[in-house]
Amino acid sequence: METESEPYVRLATLRQLHQVVAELNTARSLADTLQTVVDGIVVGLGYELACVNLVRPDGDLVVAAFAGDPAAEALITGRVGSRASWERRLTMGESWDGLRFIPHTEGWVLLEDDVPQWHTDGPDPRFADEWHPEDRLYAPMHASGGELLGVISVDRPRNGRRPGAWGREALQMYAFQAAIAISNARLRANMQRALVRLEREQQALRASEESFRQAFEYAPSGMAIAEMGGDQHGRLLRTNDALCRLLGRPASVLRRYSFSDLVHPEDIGTLLRTSAEGGRAELRLGRRDGTYVWVSLRNSVVADAADGPRFLLTHVEDIEERKRHELQLAHRASHDSLTGLPNSAELRSRLGARLCRRPQSVRATAVEALDAAYEGHGAHGGHGAHAAQAGHAAYAGGAVEAGGAVGEHGFRPDAYPEPFEYPGAPAVPAPGAPGVPGPGGPGAGPYEHHVHAVAPASDVDDGTKGLAVLFCDLDGFKSINDRFGHHTGDAVLIEVARRLTTGVRDGDTVARLGGDEFVVLADGLGAADAADLAVRLRNAIIPPIRVDGRAVRVGASFGIGWASCGMSADEVLRSADQRMYIEKRSRSKAHRRAG
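These numbers come from a predicted model, not from an experiment.

1. Considerations on the packing of aromatic side chains
The geometry of an aromatic ring pair is captured by two quantities: the separation of the ring centres and the angle between the planes.
1) Next: What the rule picks out here adds up to 3 aromatic pairs.
2) Next: On the basis of an interplanar angle of 55° and a centroid distance of 5.9 Å, the ring pair of phenylalanine 101 and tryptophan 131 is categorised as tilted. Separated by 30 residues along the polypeptide, phenylalanine 101 in strand β5 (residues 99-102) and tryptophan 131 in the loop between α5 (104-107) and β6 (136-142) bring together distant segments of the chain.
3) Next: Here phenylalanine 101 falls in the buried class, since its relative accessible area comes to 0%.
4) Next: An aromatic cluster is present here, built from Trp96, Phe101 and Trp131 joined pairwise through their rings.
5) Next: The residue whose ring lies beneath arginine 249 is tyrosine 257, and the NZ or CZ to ring-centre distance is 5.4 Å.

If you want it as structure tokens, here you go:
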């Protein structure tokens, strides 16, 4: 988990973390939720032992769930530690943001207190971040109001090391989600008990009505009751204070709306596909100030009496913080940690989204077609015509930074199959339905809706506009690394990335392929436009770069390739790379190296 320099490992860890977090909400009871919490730590976070110490009504903490060692589980499950002892532990050692780490050099004073614990003796650590058997790492869980719900305790990292920044953040995020799951499990238990009492006789009904009212009004998450059936189907009848605060609207105003009036336009389809009974959805609701907040909706149907009218009970949970963390982690997995540019995987994803498998015209091979486009071109880098002033096409399939149907927070809403129709919401017919043409119109083939990427026929600007792929390799960079060290080399790469980004249009992509290689994707360019862009970017790189009071210079060699349907992303990059080496060899070494 600690190989933070590898974005692929981070992405795999993120997916595994997402899976174990998703399983937290599938548990049917509080006991199942607690056991799922500790099992998820062992399976997804890389620790051999984990337990949940849950706060009891009297304030003390009981070991409610354990995972990783049956012998330890039998020994300490159900044992209780006093609140005072736990508060002492949570103020000792080192604070790792929301975590508390107590090294073995300090933890020996805790061996005799009343907190249940399981540890084995071991030798002193051989290096600074090695985990010792008596090291302690705690992740407190708090409810939305700030009160302590419990403490997660973990031990024995599988890699034998203390967790780094990535591992700490993952454990902290997991504890945050576990606290939500435990709160929701308790809330669901209260709601289920209230719903059972609603079916009893009148006297029990009045008592359960009061219990339901309190659970509804004082729930830490938003709650709403809406009408089902009739002319006012879907209209909000009642909302609790938490939902009013979340949306910034008083209850009297919310009673004028339904959720379809408040949902983000991009999420209306998700709302319509959310079933009334047991439906779940993640979407955005509008606040009074015009902004949107990510929420998780969970529906259930309740009846006012045995044969009375039915109402829709919706639990609204604020997940804005979780979405923000997911976006940050996804960005780290798809972008270079040094320069902040899209990395190799993201570059190939964006380039592949612009290509289809069918070439625009019949040709022997895609590579031969690209070679024909450059026949007689010679060295790239001569002065071409000025870049075209007309706007360029957006990358298909979300290739630009804010592309496709991705919303303002960078996430696509999940779909839920069973429909529940909200009033006032527009109908969303499926493509191919009666009266609704499919992509490309009636009789359209599988590629008719796709704008094919084509390459200019030659280096002469014949008016053809295509997706130019500029492969950039720095000249003289290795000598800077060897002479002045990697710190200077990193500073040069960061500055080159900045200059490349400044020199392209807003819709273009600048990515770091690896080492001192960069790639620029620029759509809507002709042959002369691409050549002119390469010259401008090279001229932007050449000026001296000052690092720690020292001026260093690098040069750049550019190869211009063209993305064409029928080619793969690797073929396009390989062709541009070959053109770059042709251009590099065409110039003398003195001209290649600018500093």
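Here the narrative resumes, following the displayed structure.
2. Topic: the packing of helix α16 (residues 486-502) against helix α17 (residues 527-541)
1) Next: Between α16 and α17, the least distance of the axes is 9 Å, while the angle of their chain directions is 145°. For the pair α16 and α17, the sense of crossing is right-handed. Residues Val496, Arg499 and Leu500 of α16 pack against Leu537, Ala540 and Ile541 of α17.

3. A short note on unusual backbone geometry
1) Next: Although it is not a glycine, aspartate 97 adopts a positive phi angle of roughly 55°.
2) Next: Notably, aspartate 548 is not glycine yet its phi reads approximately 55°, a positive angle.
3) Next: Checked against the element boundaries, aspartate 548 lands in the loop between β16 (545-547) and β17 (550-552).
4) Next: Note on aspartate 548: relative accessible area 60%, which makes it exposed.

4. Details of the sheet that holds strand β7 (residues 148-157)
1) Next: With respect to topology, 7 strands assemble into an open sheet ordered β3-β2-β1-β7-β6-β5-β4, the strand pairing being antiparallel. Of all strands in the sheet, those bounded by a partner on one side alone are β3 (80-81) and β4 (94-96).
2) Next: As paired strands, β6 and β7 are joined by 6 bridges and run antiparallel to one another. Residue pairing in the sheet places histidine 142 in a bridge with leucine 148 of β7.
3) Next: Strands in contact with helix α2 (residues 30-44) are β1 (47-55), β2 (61-67) and β7; relative to β1, the strand with the most contacts, it is inclined by about 155°.

5. Here we look at the nonpolar core
1) Next: Judged by nonpolar contacts, the single largest core of 36 residues is most densely connected at Leu137, Met141, Ile152 and Tyr174.
2) Next: Looking at this core, the elements that each hand over two or more residues are α1 (7-24), α2, β1, β2, β5, β6, β7 and α6 (165-198).
3) Next: The leading source of residues in this core is α6, at 8 residues.
4) Next: Once residues within four sequence positions are removed from consideration, isoleucine 152 is found in contact with Val37, Ile41, Cys51, Val52, Leu137, Tyr138, Ala139, Met141, Ala175 and Ala178.
5) Next: In terms of nonpolar packing, the next biggest core, distinct from the first, is built from 33 residues, Leu474, Val492, Val552 and Val554 among them.

6. Considering the side chain of serine 260
1) Next: Along the chain, the position of serine 260 falls in helix α10 (residues 259-262).
2) Next: Assessed through its relative accessible area of 11%, serine 260 is described here as buried.
3) Next: A polar atom in the side chain of serine 260 sits 2.7 Å from the side chain of serine 258.

7. Describing helix α12 (residues 320-334)
1) Next: In this model, α12 (15 residues) spans 21 Å end to end at C-alpha, consistent with the 21 Å of a helix rising 1.5 Å per residue.
2) Next: Those residues of α12 lying buried are Arg322, Lys323, His325, Glu326, Leu329, Ala333 and Ser334. One side of α12 holds all its buried residues, which, seen down the axis, span an arc of 160°.

8. Some words on the environment of alanine 455
1) Next: By the element assignment, alanine 455 lies in the loop between α14 (366-373) and β13 (466-475).
2) Next: Residue alanine 455 is classed as partly exposed on the basis of its relative accessible area of 23%.
3) Next: In this view, alanine 455 contacts Thr464, Trp562 and Ser564; residues no more than four positions away in its chain are not counted.

9. Describing a nonpolar patch on the surface
1) Next: Together, Trp108, Val109 and Leu111 make up a nonpolar patch on the protein surface, roughly 270 Å² of accessible area in all.
2) Next: Mapped onto the elements, leucine 111 comes out in the loop between α5 and β6.
3) Next: On the basis of relative accessibility, which here comes to 32%, the residue leucine 111 falls in the partly exposed class.

10. Points about the confidence of the model for the protein chain
1) Next: Scored by pLDDT, the protein chain has a mean of 78; 76% of the residues are at 70 or more.
2) Next: Confidence scores differ between elements of the protein chain, with α14 showing the lowest mean pLDDT of 48 and α16 the highest of 94.
3) Next: A low-confidence stretch, residues 1-6 stays under pLDDT 50, and its non-local contacts, those more than four residues away or across chains, total 18 contacts.
4) Next: Every residue in residues 372-447 is under pLDDT 50, and counting partners more than four places away or in other chains gives 145 contacts.

11. Some details on the packing of helix α13 (residues 344-353) against helix α18 (residues 569-586)
1) Next: Packing of α13 against α18 brings their axes to within 9 Å, and their N-to-C directions diverge by 110°. Classified by the angle between their axes, α13 and α18 sit roughly perpendicular to one another. Residues Leu347, Arg348, Leu351 and Gly352 of α13 form the contact with α18, whose own contacting residues are Ala569, Asp570, Val572 and Leu573.

The rules behind the values
Residues numbered from 1 in each chain as written. Predicted model: local features only at pLDDT ≥ 70, side-chain atom pairs only at ≥ 80, totals over all residues. Heavy atoms only, no water. Phe/Tyr/Trp six-rings, centres within 6.5 Å; stacked < 30°, edge-to-face > 60°. Helix = DSSP H or I, 4+ residues; strand = E, 2+ residues; numbered from the N terminus. Buried < 20%, exposed > 50% of the residue type's maximum accessible area, 1.4 Å probe, protein only. Lys NZ or Arg CZ within 6 Å of the ring centre and 35° of its normal. Axes fitted to C-alpha atoms, helices over the stretch in contact; angles between N-to-C directions. Left-handed = near helix turned anticlockwise from the far one by under 90°. Contact = heavy atoms within 4.5 Å. Pairing = 2+ DSSP bridges. Core = buried A, V, L, I, M, F, W, Y, C linked by side-chain atoms within 4.5 Å. Polar contact = N/O pair within 3.5 Å; in protein donor to acceptor, adjacent residues only side chain to side chain. Expected span 1.5 Å × (residues − 1). Arc of directions from axis to C-beta. Patch = residues over 30% accessible without salt bridge, like charges linked within 9 Å, V, L, I, M, F, W, Y side chains within 5 Å. Areas by Shrake-Rupley, 256 points an atom, 1.4 Å probe, with all protein chains shown as cover. Salt bridge = Lys/Arg side-chain N within 4 Å of Asp/Glu carboxyl O. pLDDT = per-residue confidence, 0-100. Parallel < 35°, antiparallel > 145°, perpendicular 65-115°, else oblique.

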